[in-house]
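Inside the fold
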Amino acid sequence: MDKLTICDRCGSDACYVQEVTPEITNHFCYGCGFQSNTLMTEGSEFMNQQTEALPELYKDLLFKDKTGKMWMPSWINDAEKGMIFAYGPGGKDWRWAAVKAIKRTKEDKKRNPNLKTEYKMDMVNQAYFTEKDFMEALDYIGFLTA
Ligand SMILES: [Zn+2]
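The paragraphs below set out a description of the structure included in this document.

1. Regarding the overall build of the protein
- Looking only at helices and strands, the protein features 4 helices and 11 strands.
- C-alpha extents for the protein along the principal axes are approximately 55 × 35 × 30 Å.
- A separation of at least 24 residues holds for 43% of the contacts in the protein among residues at least 6 apart in sequence.
- By element, 52% of the accessible surface of the protein is carried by carbon and sulfur atoms, the whole surface being about 9000 Å².
- The centroid of the 19 positive side-chain charges in the protein is displaced by 8 Å from the centroid of its 22 negative side-chain charges.

See below:
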């Protein structure tokens, strides 16, 4: 069952909890933009595999809550809406970066005929949001509208 609960990381009441299997429950907080699941505990094999591929900033921002779950910043990548990712030089100085996906023009398709997608990421117009404004970042790329 899916439900909203209090986030064990930031304390907001916008933490979306989803049971994937009886053993695995995902937590995705719309308040702080961090995510976790029941397999993400300190030193677990799953956690080690997860963190291996993470950018340095994401490793810096790993957070252990009072129940022992590890949280990491989300990385949203939706081909038709856009991307949101943590951006900055380090864990003490970072923001959410949001990039909108835009429809490719005829000229663009002519220039890059091998690219088959209808959309591309509008990297020139990257927008920044503070940690607690994660919802605004979602709103910026239209992630919450169908
Ligand atoms: Zn949170």
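Back to the text.
2. Re the sheet that holds strand E5 (residues 63-64)
- The strand order across the open sheet formed by 6 strands is E1-E2-E3-E4-E6-E5, and the pairing between neighbours is antiparallel. Of all strands in the sheet, those bounded by a partner on one side alone are strand E1 (3-5) and E5.
- Bridge analysis of strand E4 (residues 34-37) against strand E6 (residues 70-73) gives 2 bridges, and the strand direction is antiparallel. Residue pairing across strands places Phe 34 opposite Pro 73, the latter belonging to E6.

3. Things to note about the coordination of the zinc ion
- The protein atoms donating to the zinc ion are Cys 7 (SG), Cys 10 (SG), Cys 29 (SG) and Cys 32 (SG), with metal-donor distances spanning 2.3 to 2.4 Å.
- Coordination geometry of the zinc ion: the 4 donor atoms subtend angles of 103 to 125 degrees at the metal centre, consistent with an arrangement described as tetrahedral.
- Between the donor residues of the zinc ion, the gaps in sequence give the motif C-x2-C-x18-C-x2-C.
- Judged by relative accessible area, which is 3%, Cys 7 ranks as buried.

Criteria and thresholds
- Residues numbered from 1 in each chain as written.
- Predicted model: local features only at pLDDT ≥ 70, side-chain atom pairs only at ≥ 80, totals over all residues.
- Heavy atoms only, no water.
- Helix = DSSP H or I, 4+ residues; strand = E, 2+ residues; numbered from the N terminus.
- Contact = heavy atoms within 4.5 Å.
- Areas by Shrake-Rupley, 256 points an atom, 1.4 Å probe, with all protein chains shown as cover.
- Lys, Arg positive; Asp, Glu negative; His and termini not counted.
- Charge placed at Lys NZ, Arg CZ, Asp CG, Glu CD.
- Pairing = 2+ DSSP bridges.
- Donors = N, O, S within 2.8 Å, 3.2 Å for Na, K, Ca; no water.
- Tetrahedral: all angles 85-135°; square planar, octahedral: opposite > 155°, others 65-115°.
- Buried < 20%, exposed > 50% of the residue type's maximum accessible area, 1.4 Å probe, protein only.

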